[in-house]
Structure formats: C-alpha cells, structure tokens
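# An overview of the molecular structure
Here is what each chain is made of, one letter per residue.
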Amino acid sequence: MLELKNISKQYAGQPLLENISFKVKENETVCLLGASGSGKSTLLKLIAGLEHPDAGSLLFNRVDLAHTPPHLRDFGLVFQDYGLFPHLDIFANVAFGLRMKNKPLPEIKQSVTELLAQVNLTGFENRKVTDLSGGEQQRVALARALAPNPRLLMFDEPLGALDKNLKADLLNELRAILRKTKTPTLYVTHDQEEAFALADRILLLHEGKIIRAGTPEEIWQNPLSSFAAKFFGVGNVIVGRVRAEGKRLKAETDFGTFDLKCGSKHAKAELVNLLMKQTSVAGAEIKLKVEDLLFMKDQFQVKSRGAVFLVKEKPKLGQTIQLRVKVECLHENPEEES
Amino acid sequence: MYLGKRVNRLMVRKRSARLPIPRFGLWLFPLLFLLAFFFYPLSKILRLTFDADVFTAPENLQIAYRVTLFTFYQAGLSTLLTFFLGIPASILFSRFNFFGKPFLRALTAIPFMLPTVVVAAAFNSALSILDLQLAPLTLILLAHVFYNTTIVVRMVGGALASLDPKLEQAARSLGANSLRVWREVTFPLLRPALVAAILLVFLFDFTSFGVILLLGGGKLATLEVEIYLRVLKLPNLPLAAWLALLQLIFTLLISFLYSKINAKITTQTAPRFATARPPQTFREKIFVAAFALLLAAFFIAPLLSLPIRSFARLEADRGDRAEVRVGLTADYYKELFVNRRGSLFYVPPVQAAINSLSIAAATVLFSLTLGFPVALALSRPTRLEKILDPLIMLPLGASAVMLGLGLIVAYGRALASPIFIPIAHTLIALPFVVRALQPAIAAIPERLRQAATVLGASPFRVWQTIDLPILRRAVLTAATFAFTISLGEFGATLLLSRPELPTIPVAIARFLAQPGGLNYGQAMALSTILMALTILCILFIEKDNHA
C-alpha cells in the first residue's frame, strides 16, 4: 500500500522532515504522533500531493506518485478545522468528491444519504455549514472524505478543536467507522490517548525524524529514548553516573544506586539516562521524602526530587515513604557537563 | 448599601462622560451644513428639471442619450481592462512572495490617491517623452486602469488572501483539478468581493471627470464632462441639471448595489491566512517575474516621466517657429513665480499653490469641526444615528461636478465667493473624516474612562486626559485625508473658482489647454509639485496607520 522512502523537506532553509520512511499496510491504521511544529501536518500534505518533497519518493501499491497531481491520487483528507465549503450545503459538501468523479445523480444521492446515516447526521442534507456545531461539522468532513471511497484516508488532528467529552464520543465513532471501511489510514495527532485508542501502529515524530515506531504496547513497554518516555509519560527519566562494583556496573542516582542491565557498554563515570518506572511487585526499593502532594481522584501524586509517583494512601508532606521501582537504560545519554 | 449608592452615582457620572454634549447638539451644525450646501442645492437642481420642456426637448434627449451611452461604454471598457490587469495582480500579491513586493504594492496604490489632474498630466508626459500618439479613448482607458487597479488588488486580492487554503486543498484531495477547484470553490467564494470591486471600479470610471476632460481631446464627453460644459462653455443650466439628475440616479443605484454586496462581505470576514509563498514551479516563477515587471513598468513610467518632463525642454517655449534647445532646464519652475502680461492669470502661477494650501487648510478646519461631533455621535449609535448615518454619506453618491453645479444653481455665480470652494471640498471630505475618526473614538476602551472617573476626573477632564490624547493620531489622519482631498479636487473647483483665484489643479488644466512648450512645462512643474505634496500626505497617513 502506501510507502514512503527517505522523504525530506526543508522549510525556510531549515530541515523540517529528514529521511522519513514508513509503510501503511492494508487494513492498518497508523498514527503519526508528534508535538506541534514537528512537521507532521506537512508530511500529510506531501502525501496528499499538496506540497512536494525535496527528496525521497512516495509509492502507493508500488507506483511512484511523484507525477500524480493531488486530484488524481484518490486520497481522502480530513482537516482539524474541517475545511467545509461555506458556500455549499451539507449535501453538496458530502457529494463534492462524487461529483468530481462524475457519478450519476441518483447514485450520489444514495451515497450521501448512507454516509450521513453512518455519521449520525440523517436529515442534515439541506443545512448550512455555519449552522452546525463543531462536532457535527467534523462528522460532515468525515463523510465528505469517505464519500469517494478513497484508497487511503488521512486525518490531520481531526479532534483537536473539540472539547473533551465530544472528543471521546467521536473517537469511538471513528474507531467503528475505520474498522468497517478497512481503508488504510494515516492519522496525525499530538494527543497520545487518541493515538493509543486508534492505532495499530504508532510513529513518533520528533525534530523531523521518526524516533520510535511500533505498536502501542511495544512503545509503552520500551520507549527507547528519553523524549519518547517523557512524551508518553512512561515513568520518570532520571540521570545516573556509572560506577563499577566488581564485575557489575551500577548507576548512582538521586534515588539510590541501581544495577545496570542493558547489555550495552558503558564507560566508568559516564552519565546515563535512565527510565524509572514504578512497580507494585519486584524491583528495587527506594525511600523518598514527600515534597509536594496532589489529589488525583482515587490516588495521590507525590513529587520528590523532580520525579513523580502515585500512591494509594495519602501521605503527609515531609513524610518519608517507601516505593518499588524498576530502572531501565534509555538509548541516548545526556551531555557530559564540562 | 452605602457602597452601592456610591457605585450607582459613579455609573451615572460615567454615562454622562460618554457623550459630554447632548446628541442634538452634536448633530445640529453638521445637519445645517448639509441642508444648506447639499440638500437645498439638490432641490434646486431637481426644480430646474421639473419642466416638461426641458425633459422632453428632442435635442436634450438626444444629448442625454449620446452622453449616457458613451459614459457607460467607457466605464464598462475601463472596468473590463482594470480587471484584466487587476485579477493577475491580485493573484500575484495574495499568493506569492517575491523580491520588491511591498514596494510594488505601494507603487500600485499611489495612483488612486493622486489627483486625477496629476494622473492625466503624468500620462501626457509619458506620451511626450516616448513620443507616442495614442487615441484619446485609449489614453482615458489606460489612465482609469492606472488608478483603479489598486481597488481590485485590495478587494479581490484581500478576499483571496483571507480564503482558507484548506478549502482548495480539500477540493483537490476530493478529486477536483485546478480548473474545477477555481470554478467550484475559489470563484463562488470570491464572487461577493469580485462583484463589489466591479461595482466600485465602474462607479469611479462612470463619474470620471478630470481624466476625460484633459485626455479626451475636447471631443469625448461623459455625463460629468457634459454637465461641466453646459455650465461653463455652452451655458444651459436646465440641461445641465437634467443630466445631473440622470447621473445622480445612476450613481445612487450603483452605490446602493455596492453597499448591499459589501455588507455581505463584511459578515463573511474570515481570519487571514498566510497563503503567500515564494514561487516554486517553473510556471509560477515565469508568471511572477513577468507580471511583476509588467506592473512595475506600467506604474513607474507615468509617475517617473512627470518629474522628468518638468525639467526637460523638448519643444519650443512659444510657437513652432522659435529655435528649440533640447535639454535640462529649471525654467518651468522659475516661470511659476513670474506674473507675465498676457499670461493665463492675473497673478503669478505660484499664487495657485498658495490658494490651494489656504483652501485645503479651510477644508481641514471645516470638515474636522463638523466631522468630529458626527463621529462622536456615531461611535455610540442609537436609533437616531441609524437614520442619520447614511445622510452624512450621501454626498459621496453625488459627483463633484454636481456638487459644484448645485452650489451655483442655489447661490448664483455672483455669490460664488472663494468660501464656496472649501465648502464644496468639505462636502466631499466629510464622509472620509467621519469614517477615519469614528472607529478610533469607538475603540477607546470604556474601562479607561471608568478608571479615570473613579480616580476623580470630571466628564470634561475625562475627555481632556483620555479621549483627546488617544485620538490625536486619528485626528491627524482625518485632517490629512481632508487636506489631500482638497488639494487634488478638480471637478467642483473648476465650476466654482474665479479666473484670478485658481487652485493648482485648475491651473494645471489651464496650462495644458494652451499651446507652447512653456505652458506645457509649467503644467508639468505644477503637477510634479502637486504629486510630491500628495505623496507626502499619503506617506504621513500610512506611517500613522502602521505606527
């Protein structure tokens, strides 16, 4: 299906995307996750053909798309602020793509009715775009993108402008629709929860590069980099200094000394980034003083020495508590202070 | 309780601080002014036409038919050509960034602010330098395109720039090719702005006076020019009034349509998007380079040839027999200070500049005195203002020549003391002054006045310490508007001015109408001075708006 090979793009002399390569397979939903400004929207526009890459190639079913103009690519695109045509009513908006394919009117009418039913907007045909709420507009945008039966669906932060409850509802509808259509989907968002809810695979984009790819479970288990760990909120990223103790390597940190078990070679006295995850069973025991306390519904968030932990019982401020943690290596190390 | 009463008292004081004078007092003098110098003259014009003989006289009908036809013909053609240049220019400015863009945009905007007399003189000078002969109609059309293109760029280009780029992208991804994107999305969304721009350009071309009079070679007459001819050259005031009525009906109709469409646009205003980018494909690069150069050439040539020609002797000073010394000269400027016997004036031509400046100063004084109270009342509108606002704007619908004609018909030419010229200018400038002041007054946050009031300022002190300092800018801008309008005003002035009291534009027209290189050169010199003055004023307004 869709394949990107070493796509690069500069913007105003600065590299925005560097050597991006990935595939979206049949029936698969891939989420492109990244902070704002990470170049993810640009990547969608490149795939849609609305912008051109400086280098690299784009293939669909092994056919190079470099010379296929956007209107012949047959890719559906859903925007964050919908991009509905304000001069057309809902029917005409949804029918737009079908009209571009010169479908006969009865067929268009039938398709639009079915699609509006699918997004729970039956009877909205003659409404004006401006009369609709944000959620309704986003449903119309989805119906409009689905109508011409595209080979690939792309979403650019489709739920970004909606409030929390509406977001959850639409997310569930979207999951159901994507499962039904079986169209390969590329979904761009900065919200990890959306990504976890929808994605078969997640690509994490950071400073123009894909720094982590995998299923949601894989990424959660092993984020690899401190950026990914922080982005997904997997445990605390702490810094340790390597120390040899006999044959075993240990890392000295603010929270105690831990075994280093990551196979990779570390020099003595080197600084390493470590991921400290709270566990309930096995793991090292640490003691900390409660520096700050935050009520979090059924548990309490404890802050200590820049790290965050969750506890069930409410501790007192200044009290020392005991917790179990697992400490893992991350792939890149902090800069050595001079 | 006690505190509540105190706050209540403060609220009452705040309300009185809003408008320190009763509304009636604000409106009294502006309305009297309009009544005396606009509505009463208008009624006189109408009275003149309430005569079956005037209305149905075959020769009058013939003239009216011929002139109306030509007016529509030239306005239609000018509008078409303006869009021919204006649409690509709109695309250029709204979609692309390129070297020199701000300069080119400013360049295209200057001619609109220049007096029509200067535009006519500039085209004249360009032809003279290039040694070109063009048909009068061609020249008129070019001059119209020259100063109206910026309207298209502003309105259509503005609409194009505020169009959400996602709409076109969505259409493309849904399978529309470039042509269909334009037809199904871009064009329908631009239509209101497009129609509004067409109407406005057409209106300006329809009421064009100076350009037609000066470039038309004495043969081409629009309604506006014919009215002037029937007042001064072939006096027939009833016919002039009848043509004025005809013209008023057309201009009001166009203005009405325009305001209807324009209201639609303002309700659709979307946030602006950064859609402009450097040209990327080869075709885009060719378009940007070629069209930017074409625009630059078309706009620079007349603006530059005017000052050049004012320093260049290309023909004999008097008559054809004298020997021609081609070369640079400052004679044309020197001659402006000389009062020659047998010259066109009884005073040295430089007196025209003094007249113009005094009249402009008087116009500033009048229009600010009348415009400020109106703007103040309009900034806190009640139902009264809804009715009176269009009334203030109405003189905009009447043409300049018609305003002059009305004053003549109402007060007679014997009464045409110099004071009537700034009065006519004030009628024209007033709507602009009000529109420049009103948003500034309305934009002063009420909270500032409340804060001053709570700190103990009386309503008058609030005005003195809050409103006036904040409004200084807007007042200066409004004054400059009035000043610029007065400096360049030609139509009404030509009807009202006495031979020994010409303004700069009137003097330029007279010099241009006379043979000989010296007269021509002096026209160029005066035009250059007027152009420089106007550009200075524009720069002042622009600087003000950007600061």
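Residues numbered from 1 in each chain as written. Chains lettered and ligands numbered in written order. Predicted model: local features only at pLDDT ≥ 70, side-chain atom pairs only at ≥ 80, totals over all residues. Heavy atoms only, no water.

### Things to note about the overall build of chain A
To keep things clear, this is the line we draw: Helix and strand assignments follow DSSP, with helices taken as H or I runs no shorter than four residues and strands as E runs no shorter than two, numbered in order from the N terminus. Buried means the residue's accessible area, taken with a 1.4 Å probe over protein chains only, is under 20% of the maximum for its type, while exposed means over 50%, and partly exposed covers the values in between. By the convention used here, residues are in contact when the closest approach between their heavy atoms is within 4.5 Å. Methods summary: accessible areas were calculated by the Shrake-Rupley approach with a probe of 1.4 Å, and residue burial reflects only the protein chains presented. Note on charges: Lys and Arg go in the positive column, Asp and Glu in the negative column, and His and the chain ends are not counted at all. Charged groups are reduced to one reference atom each: NZ for lysine, CZ for arginine, CG for aspartic acid, CD for glutamic acid.
What chain A contains, in helices and strands, is eight helices and 19 strands. Overall, chain A is about 80 × 45 × 35 Å in size when its C-alpha atoms are taken along their principal axes. Of all 338 residues assigned to chain A, the portion counted as buried reaches 48%. If you take every contact in chain A between residues at least 6 apart in sequence, the share linking residues at least 24 apart comes to 65%. When the accessible area of chain A is evaluated, it comes to approximately 17,300 Å², of which 48% is carbon and sulfur surface. Each charge sign in chain A was given a centre, from 46 positive and 42 negative side chains, and these centres are 4 Å apart.

### Overview of the overall build of chain B
The number of helices and strands found in chain B is 23 helices and two strands. Here chain B holds 547 residues, and the buried ones make up 52% of them. Considering only residue pairs separated by 6 or more positions, chain B has 80% of its internal contacts joining residues 24 or more positions apart. Here chain B has roughly 25,800 Å² of accessible surface; of this, 68% comes from carbon and sulfur atoms.

### A word on the nonpolar core
Grouped burial of nonpolar side chains is what soluble globular proteins tend to show. Just so we agree on the cut-off: Buried Ala, Val, Leu, Ile, Met, Phe, Trp, Tyr and Cys residues form a nonpolar core when they are joined through side-chain atoms within 4.5 Å. Domain extents, as shown, originate in an automatic or database domain assignment.
Counting 159 residues, the largest nonpolar core has Leu104(B), Leu295(B), Leu405(B) and Leu437(B) as the members making the most contacts within it. When residues of this core are assigned to domains, at least three map to each of domain 1 (21-46 + 329-547) and domain 2 (51-310) of chain B. When near neighbours in sequence (up to four residues on either side) are disregarded, Leu437(B) contacts Leu368(B), Gly371(B), Phe372(B), Ala375(B), Ala474(B), Val475(B) and Ala478(B). Counting 49 residues, the second largest nonpolar core, distinct from the first, contains Phe91(A), Ile108(A), Ala143(A) and Leu162(A).

### Describing the pattern of salt bridges
Note the threshold: Take a side-chain nitrogen of Lys or Arg and a carboxyl oxygen of Asp or Glu: if they are within 4 Å of each other, that pair is a salt bridge.
The tally for this structure, following the rule as stated, stands at 19 salt bridges over all chains. Arg95(B) is the salt-bridge partner of Glu168(B), the closest N and O atoms lying 3.3 Å from each other. Of this pair, Glu168(B) sits in helix 8 (residues 165-173) while Arg95(B) sits in helix 4 (residues 58-95), and the two are 73 residues apart along the sequence. Take Glu168(B): its relative accessible area is 16%, and that puts it in the buried class. A salt bridge links Glu284(B) to Arg277(B); the shortest N-O distance between them is 3.1 Å. Residues joined by salt bridges that share partners form a network here, namely Arg99(A), Arg180(B), Arg183(B) and Glu184(B).

### Considering the pairing of strand 4 (residues 55-60) of chain A
Residue and element names in this part refer to chain A. For clarity, the cut-off: Here, any two strands with at least 2 DSSP bridges between them count as paired.
Where strand 1 (residues 2-11) lies against strand 4, five bridges are found, and the strand directions are antiparallel. If you follow Lys5 over to strand 4, its bridge partner there is Ser57. Relative to strand 5 (residues 63-64), strand 4 runs antiparallel, the two being bridged by two bridges. In the sheet register, Phe60 faces strand 5, and the bridge partner there is Val63. In this structure, the hairpin formed by strand 4 and strand 5 is closed by a connection of two residues, where Asn61 is found at a positive phi of approximately 50°.

### With respect to the domain arrangement of chain B
Bring the parts together and some accessible area is lost; that lost area is often taken as the interface size. Residue and element names in this part refer to chain B. Applicable threshold: Accessible area that two parts lose when put together, with a 1.4 Å probe and added across both, is what the buried area reports. For this analysis, a polar contact is any N or O atom pair within 3.5 Å, provided that within protein one partner can donate a hydrogen and the other can accept it, and provided that sequence-adjacent residues contribute only side-chain to side-chain pairs.
Each assigned domain of chain B is listed here: domain 1 (21-46 + 329-547) and domain 2 (51-310). Computed over C-alpha atoms, the centres of domain 1 and domain 2 are 24 Å apart. Contact with domain 1, which involves 37 residues of that partner, is made by 36 residues of domain 2. Here domain 1 meets domain 2 over a buried area of about 3,000 Å², counting both sides, of which 80% is carbon and sulfur. At the surface where domain 1 touches domain 2, the tally comes to zero salt bridges. For the interface between domain 1 and domain 2, the tally reads five residue pairs in polar contact (both at pLDDT 80 or more). Looking at the side of domain 1 that touches domain 2, the elements that each hand over two or more residues are helix 2 (23-49), helix 14 (331-335), helix 17 (400-411), helix 20 (459-488), helix 21 (491-496), helix 22 (504-513) and helix 23 (517-546). A per-element tally of the side of domain 1 that touches domain 2 places helix 23 first, with 11 residues.

### Thoughts on the environment of Glu218(A)
All names here are of chain A. The topology assignment puts Glu218 in helix 7 (residues 216-221). We classify Glu218 as partly exposed; its relative accessible area is 43%. Each C-alpha atom of the pair Glu218 and Leu58 lies 27 Å from the other, and the pair is 160 residues apart in sequence.

### Description of helix 13 (residues 282-310) of chain B
Formally: Any helix carries an expected span of 1.5 Å times its number of residues minus one. To get the bend at any residue, fit one axis to the seven residues that end at it and another to the seven that begin at it, then take the angle between the two axes.
Helix length check: helix 13 of chain B (29 residues) gives 42 Å between terminal C-alpha atoms against 42 Å at 1.5 Å per residue, within 8%. If you look at helix 13 of chain B, its biggest bend is around 30°, right at Ile300(B), and the proline Pro302(B) turns up within four residues after that.

### Describing the packing of helix 4 of chain B against helix 7 (residues 136-161) of chain B
Residue and element names in this part refer to chain B. Filter applied, for reference: Geometry is summarised by axes, namely lines fitted to C-alpha atoms with helices restricted to the contacting stretch, and by angles between N-to-C directions that run from 0 to 180 degrees. Small angles under 35 degrees read as roughly parallel and large ones over 145 as roughly antiparallel, with 65 to 115 read as roughly perpendicular and the rest as oblique. Whether a crossing is left-handed or right-handed is set by the direction in which the near helix is turned from the far one by less than a right angle, anticlockwise for left-handed and clockwise for right-handed. Residue polarity follows a fixed list, in which Ala, Val, Leu, Ile, Met, Phe, Trp, Tyr, Cys and Pro are nonpolar, Asp, Glu, Lys and Arg are charged, and the others, Gly among them, are polar.
Two elements in contact, helix 4 and helix 7, have axes whose closest approach is 6 Å; the angle formed by their N-to-C orientations is 45°. With respect to their mutual orientation, helix 4 and helix 7 come out oblique. Here the hand of the crossing between helix 4 and helix 7 comes out right-handed. In terms of residue class, the contact of helix 4 with helix 7 is made up of 19 nonpolar, 10 polar and one charged.

### Describing the packing of aromatic side chains
The criterion, for reference: Pairing of aromatic rings covers Phe, Tyr and Trp, the last through its six-membered ring, and needs centres within 6.5 Å; plane angles under 30 degrees mean stacked, over 60 mean edge-to-face, and all others mean tilted. Distance and angle both matter: a charge sits over a ring if NZ of Lys or CZ of Arg is within 6 Å of the ring centre and within 35 degrees of the ring normal.
Tallied over the full model, the rule gives 33 aromatic pairs over all chains. Their ring planes at 55° and their centres at 6.1 Å tell us that Phe96(B) and Phe287(B) sit as a pair that is tilted. Of this pair, Phe96(B) sits in the loop between helix 4 and helix 5 (101-113) while Phe287(B) is found in helix 13, placing the two residues 191 residues apart along the sequence. Pairwise contacts between aromatic rings join Phe196(A), Trp220(A), Phe227(A), Phe231(A) and Phe232(A) into one cluster. For Arg127(A), the ring lying beneath its charged end belongs to Phe124(A), and the centroid distance is 4.3 Å. Sitting over the ring of Phe85(A), Arg144(A) keeps its end group 4.6 Å from the ring centre.

### Quick word on the sheet that holds strand 1 of chain A
Residues and elements named next belong to chain A. Overall, antiparallel pairing links the four strands, which are arranged 2-1-4-5 in an open sheet. Two strands close off the open sheet at either side, each with one partner strand: strand 2 (14-24) and strand 5. Relative to strand 2, strand 1 is paired through seven bridges, and the arrangement is antiparallel. The residue of strand 2 that forms the bridge with Glu3 is Lys23. Contacting strand 1, strand 2 and strand 4, helix 1 (residues 40-48) runs over the sheet at an angle of about 120° to strand 1.

### Description of a positive patch on the surface
To be explicit about the condition: To count toward a patch, a residue needs a relative accessible area above 30% and no salt bridge. Like charges then connect within 9 Å, nonpolar side chains (Val, Leu, Ile, Met, Phe, Trp, Tyr) within 5 Å.
Taken together, the side chains of Lys5(A), Lys23(A), Lys25(A) and Arg62(A) present a region of like positive charge at the surface. Residue placement: Lys23(A) occurs in strand 2.

### Quick word on the interface of chain A and chain B
Counting residues at the interface gives 21 residues for chain A, matched by 16 residues for chain B. Interface of chain A and chain B: buried area, both sides summed, is about 1,900 Å²; carbon and sulfur atoms make up 64% of it. On the chain A side of the interface with chain B, the three residues burying the most area are His71(A), His87(A) and Met100(A), jointly 30% of the side's total. Across the contact surface, chain A and chain B share two salt bridges. A salt bridge links Glu184(B) to Arg99(A); the nearest nitrogen and oxygen atoms lie 2.5 Å apart.

### Focus on helix 2 of chain B
In this model helix 2 of chain B runs 37 Å from its N-terminal to its C-terminal C-alpha over 27 residues, within 8% of the 39 Å that 1.5 Å per residue would give. Every buried residue of helix 2 of chain B is accounted for by Leu26(B), Trp27(B), Pro30(B), Phe33(B), Leu34(B), Phe37(B), Phe38(B), Pro41(B), Leu42(B), Ile45(B) and Thr49(B).

### Structural notes on the sheet that holds strand 11 (residues 236-245) of chain A
Residue and element names in this part refer to chain A. Pairing within the open sheet is antiparallel, and its six strands lie in the order 13-12-11-14-19-15. A single partner strand is all that each edge strand has here, and the edge strands are strand 13 (256-259) and strand 15 (284-289). Adjacent strand axes in the sheet meet at a mean angle of 50°, parallel and antiparallel pairs treated alike. Across four bridges, strand 12 (residues 248-253) lies against strand 13 in antiparallel orientation. The residue of strand 13 that forms the bridge with Lys250 is Asp259.

### Structural notes on the pairing of strand 8 (residues 185-189) of chain A
Residue and element names in this part refer to chain A. Note the threshold: Viewed with both strands pointing away, a crossover whose connecting path from the first strand over the helix to the second turns clockwise is right-handed.
Most of strand 8 is tucked away, with five of its five residues classed as buried. Burial along strand 8 is two-sided: the residues Thr185, Tyr187 and Thr189 and Leu186 and Val188 are all buried. Pairing between strand 3 (residues 29-33) and strand 8: five bridges, direction parallel. Bridge pairing in strand 8 places Thr29 opposite Thr185. Sheet topology places strand 7 (residues 152-156) next to strand 8; four bridges connect them, and they run parallel. Considered in strand 8, the bridge of Leu153 is made with Thr185. Read from strand 7 through helix 5 (residues 164-181) to strand 8, the crossover connection turns out right-handed.

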